[in-house]
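# Chains, contacts and geometry: an overview
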Amino acid sequence: MDDVLTETVPTDDLKRFEKVYHEQLYKNDVTPKAQFEYAWCLVRSKYPADIKKGIVLLQELYKSHDEGQRDYLYYLAIGNARIKEYSKALSYVRAFLSIEPGNQQVISLESTIKKKMDKEGLVGMAMAGGVVLAVGALVGLGMAVASKKS
Amino acid sequence: MSAGPYNYSYIFKYIIIGDMGVGKSCLLHQFTEKKFMSDCPHTIGVEFGTRIIEVAGKKIKLQIWDTAGQERFRAVTRSYYRGAAGALMVYDITRRSTYNHLSSWLTDTRNLTNPNTVIFLIGNKCDLEGQRDVTYEEAKQFADENGLMFVEASAKTGQNVEEAFLETARKIYQSIQDGRLDLYAADSGVQHKPSQPGRNTLTNDQQSNKDNCAC
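Here's a quick rundown of the structure. Keep in mind that this is a model prediction, so the values were computed, not measured. (Residues numbered from 1 in each chain as written. Chains lettered and ligands numbered in written order. Predicted model: local features only at pLDDT ≥ 70, side-chain atom pairs only at ≥ 80, totals over all residues. Heavy atoms only, no water.)

### As for the overall build of chain A
The secondary structure content of chain A amounts to six helices and zero strands. Ordering the α and β elements of chain A from the N terminus gives α-α-α-α-α-α. Across the 150 residues of chain A, 39% fall into the buried class. Taking the contacts inside chain A whose residues are at least 6 apart along the sequence as the reference set, 54% of them involve residues at least 24 apart. (Helix = DSSP H or I, 4+ residues; strand = E, 2+ residues; numbered from the N terminus. Buried < 20%, exposed > 50% of the residue type's maximum accessible area, 1.4 Å probe, protein only. Contact = heavy atoms within 4.5 Å.)

Printed below as a string of structure tokens:
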């Protein structure tokens, strides 16, 4: 129960749509519907490898299937944001908004992505700070041991 | 929102479902932004919105999943039904076909949610009285027969929009108070956030009393 960038697909659903896609793939007759449904589940997986696979499937669809272009762009943005490829995610958002400038759903996705970037920027800095502190502590300890010895 | 403890006691998960073009996203937007979106393109997949409300003095965060009405999204949007505490089922009072499809939406909801999920039927676009195609009475009867709560509302004027979202929350809250809804079941659609020391909720009082005794 979170938001569009953190909610995850139930495993049963992922498996169900995967099965349909693979059956069609085996017959060499994959419909855009089956590919999209599977890709939509993949980009909501908790595993980055699944998300990356979903992105590849969506990119294929984007090149080959005119009808669902806006859907593919939207989920390409979501997939990339979920694996922290933020600049790619935002470029898909921009591509979408250049076609449909006032789309609230996509504007809201853009702000969710930017908020996540902000938050992680701070977390990244905090982690770097933690490393500096740890190194400082080690140096301090080393100096204390050294001074005791002398 | 500042860091630190949550400023709400519960999270309720809602879904909004119904045929395409009935105004699901506009209802959500009216509820979260208090604005009417006049130019509302078709939703892609699912859209998400939140708002914090108050029921019986408790702050509750609503997490609302607004599903796309277009048929091509329907198979995957079903996975969002799971664990919904509230389901707003919407039709358009000016288009009978959207009303005729309600039983199919209801079947999906009953099959994919839990028995305590509160289902609220909304007849949207009630500002368009001149184009009415479904009477209030027949929809009310349908709701009564199926044990649903019901209002006619308008995402455009805002009429009854708050009521629908808030009534649903009150009913869910009531189920928690009555002990019918198990807060700890994975699919209850409710999360408890016992995070404000000294301001514990009813369900938590016993636990904290015990803790106090032990000290």
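Next comes the rest of the description.
### With respect to the overall build of chain B
The helix and strand tally for chain B stands at seven helices and seven strands. N-terminal to C-terminal, the α/β element order of chain B is β-α-β-β-α-β-α-α-β-α-β-α-β-α. Residues counted as buried form 53% of the 215 residues belonging to chain B. Taking as baseline every contact in chain B between residues at least 6 positions apart, the subset at least 24 positions apart corresponds to 73%.

### Some words on the nonpolar core
If you look at the biggest cluster of nonpolar residues, it comprises 66 residues, and the most contacted ones within it are A:Leu58, A:Tyr75, A:Leu109, A:Ile113, B:Met89, B:Tyr91 and B:Leu121. Top contributing element to this core by residue count: helix H4 (residues 69–82) of chain A, with eight residues. Discounting chain neighbours no more than four positions away, the residues touching A:Ile113 are A:Leu5, A:Ala77, A:Ala81, A:Tyr86, A:Ala89, A:Leu90 and A:Val93. Grouped together as the second largest cluster of nonpolar side chains are 36 residues, B:Tyr14, B:Val151, B:Ala164 and B:Ile172 included. (Core = buried A, V, L, I, M, F, W, Y, C linked by side-chain atoms within 4.5 Å.)

### Re the side chain of A:Gln105
Note on placement: A:Gln105 falls in helix H6 (residues 104–149). On the basis of relative accessible area, A:Gln105 is assigned to the buried category, the value being 4%. Ignoring anything within four residues of it in the chain, the contact list for A:Gln105 reads A:Tyr74, B:His42, B:Thr43, B:Ile44, B:Val46 and B:Glu47.

### Observations regarding the interface of chain B and chain A
Residue-level contacts link 25 residues of chain B with 23 residues of chain A. In total, chain B and chain A occlude about 2200 Å² of area from one another, counting both sides; carbon and sulfur atoms represent 59% of this. Area buried by chain B at its contact with chain A is led by B:Ile44, B:Arg72 and B:Val76, which between them contribute 31% of it. Applying the counting rule to chain B against chain A returns two salt bridges. The salt bridge involving A:Asp71 is made with B:Arg72; its shortest N-O contact spans 2.8 Å. Our count for the contact surface shared by chain B and chain A stands at eight residue pairs in polar contact (both at pLDDT 80 or more). Mapped by element, the contributors of at least two residues to the side of chain B that touches chain A are strand E1 (10–17), strand E2 (46–55), strand E3 (58–67), helix H2 (74–77) and strand E7 (190–192) of chain B. When its residues are assigned to classes, the side of chain B that touches chain A shows twelve nonpolar, nine polar and four charged. (Buried area = accessible area lost by both parts, 1.4 Å probe. Salt bridge = Lys/Arg side-chain N within 4 Å of Asp/Glu carboxyl O. Polar contact = N/O pair within 3.5 Å; in protein donor to acceptor, adjacent residues only side chain to side chain. Nonpolar A, V, L, I, M, F, W, Y, C, P; charged D, E, K, R; others polar.)

### Examining the pattern of salt bridges
Side chains that carry opposite charge are capable of pairing whenever their charged atoms lie near each other. Going through the model one piece at a time under the given rule, you end up with 22 salt bridges over all chains. For the salt bridge of A:Asp13 with A:Arg16, the shortest nitrogen-to-oxygen distance reads 3.0 Å. You can see A:Asp13 and its partner A:Arg16 sitting in helix H1 (residues 11–26), three residues apart, about one turn around the helix. The closest approach of N and O atoms between B:Glu138 and B:Arg96, which form a salt bridge, is 2.6 Å. Of this pair, B:Glu138 sits in helix H5 (residues 136–145) while B:Arg96 sits in helix H3 (residues 96–100), and the two are 42 residues apart along the sequence. The structure contains a network of salt bridges with shared partners spanning A:Asp13, A:Arg16 and B:Arg82.

### Remarks on the environment of A:Gly121
Relative to the elements of secondary structure, A:Gly121 occurs in helix H6. The spatial distance from the C-alpha of A:Gly121 to the C-alpha of A:Lys84 is 12 Å, given a sequence separation of 37 residues.

### Considering the side chain of A:Gln24
Residue and element names in this part refer to chain A. When you line up the elements, Gln 24 lands in helix H1. Under the relative-accessibility criterion, Gln 24 is labelled buried at 18%. With near-sequence residues (within four places) excluded, Gln 24 lies in contact with Asp 29, Val 30, Thr 31 and Ala 34.

### What to know about the packing of H1(A) against helix H2 (residues 32–42) of chain A
All names here are of chain A. At a minimum axis distance of 9 Å, the contact between H1 and H2 shows a crossing angle of 145°. The interaxial crossing formed by H1 with H2 has left-handed handedness. Residues Asp 13, Leu 14, Phe 17, Glu 18, Val 20, Tyr 21, His 22 and Gln 24 of H1 form the contact with H2, whose own contacting residues are Ala 34, Gln 35, Glu 37, Tyr 38, Cys 41 and Leu 42. (Axes fitted to C-alpha atoms, helices over the stretch in contact; angles between N-to-C directions. Left-handed = near helix turned anticlockwise from the far one by under 90°.)

### What to know about the environment of B:Tyr91
Residues and elements named next belong to chain B. For Tyr 91, the location among the structural elements is in strand E4 (residues 86–92). Between the C-alpha atoms of Tyr 91 and Lys 24, which are 67 residues apart in sequence, the distance is 8.8 Å. For Tyr 91, the residues in contact, after removing those within four places along its chain, are Val 22, Thr 98, Tyr 99, Leu 102, Leu 121, Ile 122, Gly 123, Asn 124, Val 134, Ala 139, Phe 150 and Glu 152.

### Details of helix H3 (residues 48–64) of chain A
The end-to-end C-alpha distance of H3(A) is 24 Å, a good match for the 24 Å that 17 residues give at a rise of 1.5 Å each. Each element contacted by the buried residues of H3(A) is listed here: H1, H2 and H4 of chain A. (Expected span 1.5 Å × (residues − 1).)

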